[in-house]
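The residues making up each chain are set out below.
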Amino acid sequence: MKYSYCGLSGLQLPKLSLGLWHNFGLNDNYNEAKKMIQFAFEKGITHFDLANNYGPPPGSAETNFGKILKDGLMAHRDEMIISSKAGHLMWTGPYGDGSSRKNLMASINQSLKRTGLEYFDIFYSHRYDGVTPIEETMQALVDIVKQGKALYIGISKYPPAEARQAMAYLRQQQVPCLIFQDKYNMMHRNPEEGVFDVIEKEGSGFIGFSPLAQGILSDKYLNGIPADSRAANPNGFLKREQITQKVVSIVRQLNLIAEERNQSLAQMALAWALRLNVVTSLIVGTRTIEQLQDNLQALDNLNFNNDELKRINLILGGAVL
Ligand SMILES: NC(=O)c1ccc[n+]([C@@H]2O[C@H](COP(=O)([O-])OP(=O)(O)OC[C@H]3O[C@@H](n4cnc5c(N)ncnc54)[C@H](OP(=O)(O)O)[C@@H]3O)[C@@H](O)[C@H]2O)c1
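Residues numbered from 1 in each chain as written. Predicted model: local features only at pLDDT ≥ 70, side-chain atom pairs only at ≥ 80, totals over all residues.

Q: Would you mind going over the overall build of the chain with me for this structure?
A: Helix and strand content of the chain: ten helices and ten strands. The C-alpha radius of gyration of the chain comes to 19 Å, within 12% of the 20 Å expected for a compact globule of 321 residues. Once the C-alpha set of the chain is aligned to its principal axes, its extents read approximately 50 × 45 × 35 Å. A total of 321 residues make up the chain; the buried ones form 47% of that total. A fraction of 77% describes how many contacts in the chain between residues 6 or more apart in sequence connect residues 24 or more apart. (Helix = DSSP H or I, 4+ residues; strand = E, 2+ residues; numbered from the N terminus. Rg over C-alpha atoms; globule rule 2.2 N^0.38 Å. Buried ≥ 20, exposed ≤ 12 C-beta atoms within 10 Å, placed from the backbone. Contact = placed C-beta atoms within 7 Å.)

Q: Looking at this model, I keep getting lost on unusual backbone geometry. Mind explaining?
A: Note: most residues except glycine have negative phi, and most peptide bonds are trans. Cis geometry is adopted by the peptide bond preceding Pro56, which originates at Gly55 and carries an omega value of -5°. Mapped onto the elements of the fold, Pro56 is located in the loop between strand E4 (47-49) and helix H2 (60-70). The amide bond that connects Pro56 to the next residue, Pro57, takes the cis arrangement and shows omega of -10°. Relative to the elements of secondary structure, Pro57 occurs in the loop between E4 and H2. Here Gln174, not a glycine, exhibits a phi torsion of approximately 60°, which is positive. By secondary structure assignment, the location of Gln174 is in the loop between helix H5 (160-172) and strand E8 (177-183).

Q: Honestly, the site of the ligand in this entry has me stumped. Any pointers?
A: Residues in contact with the ligand amount to 30 residues; listed here are only the nearest, Gly19, Trp21, Phe209, Gly215 and Gly285. The greatest single-element share of the shell around the ligand, amounting to three residues, is contributed by helix H9 (residues 289-296). For the shell around the ligand, the residue count by class is nine nonpolar, 15 polar and six charged. (Near = placed C-beta within 6 Å. Nonpolar A, V, L, I, M, F, W, Y, C, P; charged D, E, K, R; others polar.)

Q: Can you walk me through the pairing of strand E9 (residues 205-209) in this structure?
A: Each regular strand displays side chains that alternate between the two surfaces of the sheet. Counting buried positions along E9 gives five out of five residues, so the element sits mostly inside the fold. The alternating pattern of E9 places Gly205, Ile207 and Phe209 on one face and Phe206 and Gly208 on the opposite face, and all of these are buried. In the sheet, E8 pairs with E9 via five bridges, with the strands oriented parallel. By the bridge assignment for E9, Lys183 is matched with Phe209. Running through helix H6 (residues 195-202), the crossover from E8 to the neighbouring parallel element E9 is right-handed. Judged from the three bridges that link them, E9 and strand E10 (residues 281-284) form a sheet pairing that is parallel. Pairing of Phe209 across the sheet is with Ile283, part of E10. (Pairing = 2+ DSSP bridges. Right-handed = clockwise from strand over helix to strand, strands pointing away.)

Q: How should I be thinking about helix H3 (residues 101-115) in this particular structure?
A: Helical geometry: 3.6 residues make up each α-helical turn, so side chains three or four residues apart lie on a common side. Here H3 contains 15 residues, and its C-alpha end-to-end distance of 21 Å stays within 8% of the 21 Å for a straight helix at 1.5 Å per residue. Among all positions in H3, only Asn103, Leu104, Ser107, Ile108, Ser111, Arg114 and Thr115 are buried. In an axial view of H3, the angular spread of the buried residues amounts to 130°, which keeps them on one side of the axis. At its buried positions, H3 is contacted by H2, strand E5 (81-86), strand E6 (120-125) and helix H4 (134-146). Once H3 finishes, Gly116 follows within two positions and takes phi at roughly 75°, a positive value. (Expected span 1.5 Å × (residues − 1). Arc of directions from axis to C-beta.)

Q: Got a minute to help me understand the pairing of strand E7 (residues 150-156) in this structure?
A: Counting buried positions over the seven residues of E7 gives six, a clear majority of the element. Across five bridges, E6 lies against E7 in parallel orientation. Counted as the bridge partner of Phe123 is Ile153 from E7. Regarding the hand of the β-α-β motif, the stretch spanning E6, H4 and E7 is right-handed. Sheet analysis places E7 next to E8, joined by four bridges and oriented parallel. Note that in E8 the partner of Ser156 across the bridge is Gln181. Between the parallel pair E7 and E8, the chain is carried across by H5, and the sense of this crossover is right-handed.

Q: Just to check I follow, could you spell out the sheet that holds E8 for this structure?
A: The strands making up a sheet are joined through hydrogen bonds of the backbone, oriented either antiparallel or parallel. Read around the barrel, eight strands follow the order E3-E4-E5-E6-E7-E8-E9-E10 and close on themselves; strand pairing throughout is parallel. For this sheet, the mean inter-axis angle between neighbouring strands, taken without regard to orientation, is 30°. Set on the sheet, H3 makes contact with E5 and E6; between it and E5 the angle comes to about 140°. Along the sheet face, H6 touches E8 and E9 and points at about 170° away from the line of E8. (Axes fitted to C-alpha atoms, helices over the stretch in contact; angles between N-to-C directions.)

Q: How do you make sense of the nonpolar core when you look at a structure like this?
A: As a rule of thumb, nonpolar side chains are buried together in soluble globular proteins. The biggest cluster of nonpolar side chains holds 86 residues, and the ones touching the most others in it are Ile122, Phe123, Ile153, Ala166, Cys177, Leu217 and Ala269. The element contributing the most residues to this core is helix H8 (residues 265-273), with eight residues. Among residues more than four places away in sequence, those in contact with Cys177 are Ile153, Gly154, Ile155, Ala166, Met167, Leu170, Glu202 and Ser204. (Core = buried A, V, L, I, M, F, W, Y, C linked by C-beta atoms within 7 Å.)

Q: Is there a simple way to think about the environment of Gln253 in this case?
A: Inspection of the secondary structure assignment puts Gln253 in helix H7 (residues 245-260). When the C-alpha positions of Gln253 and Leu316 are compared, they lie 9.4 Å apart, and in sequence the two are 63 residues distant.

As structure tokens, then:
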């Protein structure tokens, strides 16, 4: 595994991290989930990304992760970076959603209980809710660190202006923002339009989620929608309608470049998203050990020549997912 320092901090993160949004809930295959987490850790994937609402049902990914830790991995707690988040709908009523101090404080206590952890390494505000003052959310994060419930804090999906404001507040409180988490992949390049600038100026790290566009940036949808894929899963966030002819045509063209590079398309998509120094790590969300093995091999070839980058840009054109 290759590791990078997270922004200006002293914390190193693996280039590939494992996320538990899908595939680790109560409805998923627990034995495969356990094997994937153990395998990931053996391969140097030290970072596991959770949130209060991951499942389904919400909370079950944290509960399962806690069980897997208890089953042996807890002995390695000091070798792991475990994150969780609060900010999306988790329980009914006015306090189970959004970025209020009330929600964050209640939520981290619930997440610690579900996972059986004494602390999270990173705790995030999952989103800017458009209502809660930035100072309220950031002060809650600062206090969470002061209470020893998290070592570092991060923010996710904040628009660039609000991210700048949040990071300035955190810096003033001497609990700097460790990391910014946002969607980043070949078909979703928004962080290039503002977020990366803020991060570089503030010295935060960046971790990209959905680096394979939930599986679209692999060869699985080239000939239809496989029954075991996320697009076919009624609980999945990816919808069949998103696998359009235009998307498949782009993926086919990208696949040809991946073949020339002797990489799977998934490997090339990961290498591409890691090409910028500002990207500390990517969170992959695998369903099987084989997918994880495939993705790990991306790290064997992270270099692109100018011709490849130009051709990829041309193919992507205005592709937006
Ligand atoms: N901060 C936020 O708001 C936010 C939002 C979303 C996600 N996240 C984080 O990011 C993590 C990753 O998100 P994601 O699951 O969307 O990531 P992703 O890596 O883009 O998609 C994962 C899916 O891609 C497919 N896949 C993975 N490796 C493959 C391979 N080598 N070959 C073929 N298919 C492959 C699998 O789909 P199939 O199941 O179809 O095989 C897998 O379920 C989440 O678990 C979560 O931790 C954060």
